Every structure is written in structure tokens, then in C-alpha cells.
Amino acid sequence: MLYSTARVVTDRPHRYLKQLVSHMGRKVPTEIDEERGSITFSVGSCLLVASTAHLDLIVRAGAVDDIAAVADTITRHLLRFATRDPLTVDWLPLVRPATTEDDAALLTLDRSAWTVGSELPSTRAEQRTAYFNERRRPETHLVAALGGQVVGTVSTHRAGPFPEGAHVFGLWNLMVAEQARRMSIASALLSAAERLAGSHGAKKIGLRVLGTNTGAIRLYEQHGYAVEGRHADEFLIDGTYVDDISLGKCLTPSSRRSV
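Scope of this entry: the structure provided in the associated data block. (Residues numbered from 1 in each chain as written. Predicted model: local features only at pLDDT ≥ 70, side-chain atom pairs only at ≥ 80, totals over all residues. Heavy atoms only, no water.)

1. Describing the sheet that holds strand β8 (residues 141–146)
- A sheet is described by the order of its strands in space; here seven strands give the open sequence β7-β8-β9-β10-β11-β13-β12, paired in mixed fashion. Whereas interior strands pair on both sides, the edge strands pair on one side only; in this sheet they are β7 (95–97) and β12 (226–237). For this sheet, the mean angle separating the axes of adjacent strands, direction not counted, is 25°.
- By the bridge criterion, three bridges tie β7 to β8 in an arrangement that is antiparallel. Within β8, the residue paired with Arg 96 across the bridge is Val 143.
- Sitting on the sheet, helix α4 (residues 185–199) is in contact with β7, β8, β9 (149–158), β10 (168–176), β11 (204–210) and β13 (240–250), with an inclination near 155° to β10. (Pairing = 2+ DSSP bridges. Helix = DSSP H or I, 4+ residues; strand = E, 2+ residues; numbered from the N terminus. Axes fitted to C-alpha atoms, helices over the stretch in contact; angles between N-to-C directions. Contact = heavy atoms within 4.5 Å.)

2. Thoughts on the packing of aromatic side chains
- Overall, the coordinates contain two aromatic pairs when judged by the stated rule.
- For the ring pair Tyr 131 and Phe 132, a centre distance of 5.3 Å and an interplane angle of 75° mean the geometry is edge-to-face. Taken as a pair, Tyr 131 and Phe 132 share a single burial class, namely buried. (Phe/Tyr/Trp six-rings, centres within 6.5 Å; stacked < 30°, edge-to-face > 60°. Buried < 20%, exposed > 50% of the residue type's maximum accessible area, 1.4 Å probe, protein only.)

3. Quick word on the layout of surface pockets
- Taken as a whole, the largest pocket holds about 1500 Å³ of empty space.
- Residue lining of the largest pocket: 50 residues in total, with Ser 118, Asn 173, Leu 174, Asn 213 and Tyr 220 positioned closest to the centre.
- Residue assignment for the lining of the largest pocket shows that the elements contributing at least two residues are α3 (103–113), β9, β10, α4, β11, α5 (214–222), β12 and β13.
- In terms of residues, the lining of the largest pocket owes the most to one element, β10, which gives nine residues.
- Its residues assigned to classes, the lining of the largest pocket comprises 23 nonpolar, 15 polar and 12 charged. (1 Å grid on protein atoms, 1.4 Å probe; cavity = no way out; pocket = protein on both sides within 12 Å on 5 of 7 lines; lining within 4 Å. Points joined across faces, edges and corners; volume = space filled by probe spheres on them. Nonpolar A, V, L, I, M, F, W, Y, C, P; charged D, E, K, R; others polar.)

4. Notes on the packing of helix α1 (residues 13–24) against helix α2 (residues 64–81)
- The N-to-C vectors of α1 and α2 enclose an angle of 120°; their axes lie 10 Å apart at closest approach. It follows that α1 is oblique to α2 by the angle criterion. Crossing handedness for the pair α1 and α2: right-handed. Contacts between α1 and α2 involve Tyr 16, Gln 19, Leu 20, His 23 and Met 24 from the first element and Thr 73, Ile 74, His 77, Leu 78 and Phe 81 from the second. (Parallel < 35°, antiparallel > 145°, perpendicular 65-115°, else oblique. Left-handed = near helix turned anticlockwise from the far one by under 90°.)

5. Overview of the environment of Arg 111
- Tracing the backbone through its elements, the reader meets Arg 111 in helix α3.
- A sequence separation of 20 residues divides Arg 111 from Tyr 131, and the C-alpha atoms of the two residues are 9.8 Å apart.

6. Regarding the nonpolar core
- Membership of the largest hydrophobic core comes to 46 residues, with the highest contact counts inside it found for Leu 171 and Ile 185.
- The element best represented in this core is α4, accounting for eight residues.
- If we skip the residues at most four places from it in the chain, Ile 185 touches Ile 58, Leu 94, Ala 144, Leu 146, Val 151, Val 176 and Ala 180.
- Counting 25 residues, the second largest nonpolar core, distinct from the first, contains Tyr 16, Met 24, Phe 41 and Leu 87. (Core = buried A, V, L, I, M, F, W, Y, C linked by side-chain atoms within 4.5 Å.)

Structure follows, in C-alpha cells:
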């Protein structure tokens, strides 16, 4: 799945949200509440999220041409409604490769995105002054950005040093800022990480997650990851033993035959 986004700066984001969803609802399925709405086309969909001073648009589709078609439809209708406002709609990839310039934003995200049950508390005791280091390198990371602000990240690279396992990649450090949740950011990062791993020859992706992190497990399973192992009572956290769960996903049809 591919994703594209545009942040439209306006002092009337909720008005345009309602206008777009109401108008498109005459032709295609839509949903709306106070802060967000969705428009579903035959080739893709658009999520609209209204904030104080901007409207975020996130398009999702399976092909580049479909992304462009949905984005063009949304842009044309939005500009048609905004005859009195000089709106600018610039579409960008929702996910891009990380750079060293993202270090400060990722360090802030790392500090704020942690929740009880999602990570080992001991990792929070380390007082880091930078996000990237010898283990965490920019070239293995992707970031999600809305309006130029980094709101999510994920890392993927070969899981082990052995040539026999060169086709297996791991997934690490998937994080989404609290204010950007329920916007398909995690799904966009997962899809992009799978494409990146696949471009480097990956046939399978594996990951580990604490048994207490039920939300993450549900997300991974929705994206085709299956539980491959459970390390019972692997960690003792705040007086309670917690399982460590292994999940995996084959990026190509699995086969037991020799290649």
C-alpha cells in the first residue's frame, strides 16, 4: 500500500472537512465526526483530519497512478470550495528515508512515544543525547512526516550476520507520536518498511514484541504477521513476568522446496 499526504493551512479546516465529505458522500462511501472524515473511492481512500489551523489529507492506494487520481480529485474539489481562500495543496510522500537532520526530532519522539507495556523500562533509564548511534543508523530508518513534522519512524535491516539468513530482515523501533495516532501512520510505516526490505532482497521480516503490547500485536496481525513463538516469562517488569512474542511475515509465497 502507498501513502501520500498534504497539509493545507487554513483558518477554516473544519468547514472544509465537512464540505468535502458531504459533497463526496453523494457519490462514494464516506464517514465523518467532529475532527476527521474519510472518503473511499474505488481505487483508494482519503483520510481528512482537521486541526486548529490546518487540514491534513492522507491518501492511501495500491498504485502510484491511483494515489495521483485520488489526490487530484480531492485537490480539485477542495480548491473549488475555497474560492475566497488562497489555499495551497502540495502532496508529498507520507514516509521518506531518515537523514541525520532528523536526529533531534526522533530523540524527542522516542522520549514521548514510550508507554507502559510497550518497551522495557530499563531502556528509559539511559540518558541519551542523540537518537542515532552505531546501532541505530539513519540509513536503516524511515520517518513519517506531516507538514514537515516527524510523527513516526521504523527501522529495518538484516536480522543476522550469517549469509544463510540474508533473506530475513528484522523490524525495530516502530513509533508514532500520540497526536498522530489513528491516522494510518503505523500502517504506512509498515508498508514502506516491507518495500524497503524487499528492495534489499528480503523474503521474510521478523520482529519481537512484549506480550503486554496488545495494540501492537493486533496491528501486526492485521498486516499479515503471524505469531511464530512465545518466550514465556522472558522479562520481569514491575514484579510481573511478561512474555516476549516473535512474529513473522513472508514477503513472497513460502515454499519448502530448494531454490
